[in-house]
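Now for the letters of each chain:
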Amino acid sequence: LALGELHYGDSVPQRLVVKGPKAFKILEITSPEVEVGFSPIVEAKPNHLLNLNISPKSSRPGKVKGRLVIETDLMDEPTQLGVTYELLSPEGTSPEPNIEVQAAN
């Protein structure tokens, strides 16, 4: 799931389809890297169309690669989906690469 360029505090709407071999419920969607907002669907269905709102957790500019963890009542282990984005600096630009400077002897 590529979110593109974001600023800290942005909320990005995303639609996600989750399919299973039989009817199931989505219990929770979490992520170490982003806040995930969605309205849980209480009925079990074989296909779910979710409207997510995703926001960066960190305010540190740079490229972020992480994951969404989708827990259902169908599987013992949660399903994971990759998520990437670039958090821009407050000025709206990507951060400069780190440059190391040493004094010459």
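Quick caveat, the model's predicted, so the values are computed rather than measured.

*Asks:* Help me understand the sheet that holds strand β3 (residues 26–30), please; the structure alone is not making it clear to me.
*Replies:* Through backbone hydrogen bonds, the strands of a sheet pair up, either in parallel or in antiparallel fashion. As summarised here, the arrangement of the 4 strands in space is β1-β7-β6-β3, forming an open sheet in which the pairing is mixed. With partners counted over all chains shown, the strands left at the sheet margins are β1 (2–6) and β3, one partner each. Here the strands of the sheet are splayed against their neighbours by 20° on average, with no regard to which way each runs. Pairing of strand β6 (residues 62–72) with strand β7 (residues 79–87), which is carried by 9 bridges, proceeds in the antiparallel orientation. Within the sheet, the bridge partner assigned to G66 lies in β7 and is V83.

*Asks:* Looking at this structure, how should I read the sheet that holds strand β5 (residues 45–56)?
*Replies:* Read from one edge to the other, the open sheet built from 3 strands follows the order β2-β5-β4, with strand pairing classed as antiparallel. Pairing within the sheet leaves two strands with one partner each, and these edge strands are β2 (12–24) and β4 (34–37). For this sheet, the mean angle separating the axes of adjacent strands, direction not counted, is 35°. In terms of strand pairing, β4 meets β5 through 4 bridges, oriented antiparallel. Bridge pairing links G37 to N53 in β5.

*Asks:* Where do I start with the environment of T79 in this structure?
*Replies:* In this fold, T79 is placed in strand β7. Spatially, the C-alpha atom of T79 lies 9.8 Å from that of R67, the residues being 12 residues apart in sequence. Among residues more than four places away in sequence, those in contact with T79 are L68, V69 and I70.

Calculation rules
- Residues numbered from 1 in each chain as written.
- Predicted model: local features only at pLDDT ≥ 70, side-chain atom pairs only at ≥ 80, totals over all residues.
- Heavy atoms only, no water.
- Pairing = 2+ DSSP bridges.
- Helix = DSSP H or I, 4+ residues; strand = E, 2+ residues; numbered from the N terminus.
- Axes fitted to C-alpha atoms, helices over the stretch in contact; angles between N-to-C directions.
- Contact = heavy atoms within 4.5 Å.

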